[in-house]
Amino acid sequence: MIKGFPKIKRAMLLEPAINSHFSDIATVCVEEKMNGFNVRAISLDGKITAITRGGYICPYSTEKARYLLNINFFNDHPDLVLHGEMVGPDNPYVPKNIYDIDSLDFYVFDIRHKGSGEPLPVNERRKMAEEYGFTQVRLFGEFTKKEAPEKIHTIIKELGKIEHEGVVIKDPAMNIPPIKYTCSQSNCADLRHAFRFYNDVGRDYLFSRVVREGFQAFEWGENEEDLKKRCLQLGESILNPMIDSITEIEKGERVSDEVQIRVRSLDTLSEFKEYLRRQGIETMFEEPEKIGDEFLVKMKKLSKSTNDKTLSMFKGELW
Ligand code: ATP
Ligand code: MG
């Protein structure tokens, strides 16, 4: 049995959250939170298989994982599950160009036992990942609880400048569940993307990202100038993409989320099409483009609800 990956709760105020959540331990490990999609990799009948968050076997992630991961790990440790973030531009779920990744890479952030879902301690997991040559998330360090909030503040400022997402704060022994904390720039990047498809994205997703900004600005005691900058950035992230969408739809265009994948085999492409269709995700695929020994396939995920809602406004319907 492969357990689902547990939900990681969020710190809104670093200092009280760290003190209260990790009250029984002295130090915490701070790792980078990579922005991609969560994959559980296992070996099934001797072949690497990739499972996404909802518990589906994703044919695209599976093809990639087979090229990226060392099969010896699964042969040597049949009772372990490799947890990682699939990150990069050739990404059908969360495409990002902010990392120095050519296509898609697998960043290990957890190794857990099958069945129980029990995680390995941070250092043991990192050593094992290194042994098998896996790419892994960056470890910023192990800090005392007293110094952690200030250290994380500095790390978050630096990560924000390069639009990286944030950090996950972990018990070195992994007995206490980890917590996460993100950069304002990453929250705003999420909002920019989400408000382009304002009627397709859940309201909790949008609202929680606005609330985070309030707590972060408070905890960091920002001066008037920094606060102005934050307000402007937040407002622009919400309004600009929405206005762009409305403008495009008025012109007769349709807004859609444009993503791409790069596959070695066209069979993977057919399986991936079927996989999306079964999940009810309406997608228009372009013709595959041969690049070296791979195929680049661009696709548009249709945002039906945003298009319909906006069109209805132009017809004078009321909200
Ligand atoms: P959740 O996973 O908490 O239910 P979510 O799907 O919105 O919510 P995120 O807000 O992205 O997820 O945060 C948790 C996810 O972060 C994990 O599921 C994992 O895929 C990803 N992640 C990236 N880097 C790390 C890391 N270093 N340690 C743990 N998880 C990480
Ligand atoms: Mg994520």
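Before any of the text, the structure's been laid out above.
Since this is a predicted model, take the numbers as computed values, not measurements. Note that residues are indexed from 1 along each chain, following the sequence as it is written. Whichever chain is written first is A, and whichever ligand is written first is 1; the rest continue in order. Local features in a predicted model are, by the rule used here, given only for residues with pLDDT of at least 70; side-chain atom pairs are given and counted only at 80 or more, and totals for whole chains, interfaces and linings are based on all residues. Computation of side-chain values covers all heavy atoms of the structure but excludes hydrogens and water.

**Quick look at the sheet that holds strand 3 (residues 37-44)**
Now for step 1: Should DSSP find at least two bridges between two strands, the strands are regarded as paired. Helix and strand assignments come from DSSP, with helices taken as H or I runs of at least 4 residues and strands as E runs of at least 2, each series counted from the N terminus. With antiparallel pairing, the four strands of this open sheet are ordered in space as 4-3-5-6. Lying at the two open borders of the sheet, with one neighbouring strand each, are strand 4 (47-52) and strand 6 (105-113). The average undirected angle you get between the axes of adjacent strands in this sheet is 30 degrees.
Now for step 2: Alignment of strand 3 against strand 5 (residues 80-87), held across five bridges, turns out to be antiparallel. Across the sheet, the residue bridging to valine 39 is glycine 84, located in strand 5.
Now for step 3: For this analysis, residues touch if any pair of their heavy atoms sits within 4.5 Å. As a rule, the C-alpha atoms of each element are fitted with a line to give its axis, helices using only the stretch in contact, and angles between N-to-C directions run from 0 to 180 degrees. The sheet contacts of helix 2 (residues 59-68) involve strand 3, strand 4, strand 5 and strand 6, and relative to strand 4 the element is tilted by about 135 degrees.

**With respect to unusual backbone geometry**
Now for step 1: At glutamate 163, a position not held by glycine, the phi torsion is positive, near 60 degrees.
Now for step 2: Along the polypeptide, glutamate 163 turns up in the loop between helix 5 (148-161) and strand 8 (166-170).
Now for step 3: Notably, methionine 174 is not glycine yet its phi reads approximately 60 degrees, a positive angle.
Now for step 4: Note that methionine 174 resides in the loop between strand 8 and strand 9 (179-182).
Now for step 5: Think of it in three bands: with a 1.4 Å probe and only protein chains considered, a residue is buried below 20% of the maximum accessible area for its type, exposed above 50%, and partly exposed in between. Among the residues examined, methionine 174 registers a relative accessible area of 5% and is labelled buried.

**Some details on helix 1 (residues 14-21)**
Now for step 1: Looking at helix 1, one finds that the buried residues are Leu14, Ala17 and Ile18. Mapping the buried residues of helix 1 onto a view down its axis gives an arc of 95 degrees, with all of them on the same face.
Now for step 2: Against the buried residues of helix 1 lie helix 5, strand 8, strand 9 and helix 7 (203-219). An arc is given here, and it is the one of the directions from the helix axis to the C-beta atoms.

**Thoughts on the pattern of salt bridges**
Now for step 1: Here, a salt bridge means any Lys or Arg side-chain nitrogen found within 4 Å of an Asp or Glu carboxyl oxygen. A full pass over the atoms with the stated rule returns 17 salt bridges.
Now for step 2: Among the salt bridges present, the one from glutamate 31 reaches arginine 125, with a minimum N-O distance of 2.7 Å. Highlighted residues: glutamate 31 in strand 2 (residues 27-33) and arginine 125 in helix 4 (residues 122-131), separated in sequence by 94 residues.
Now for step 3: Residue classification places arginine 125 among the buried residues on the basis of a relative accessible area of 0%.
Now for step 4: Between arginine 196 and glutamate 248 there is a salt bridge, and its shortest N-O distance comes to 3.2 Å. Separated by 52 residues along the polypeptide, arginine 196 in helix 6 (residues 184-196) and glutamate 248 in helix 8 (residues 224-250) bring together distant segments of the chain.

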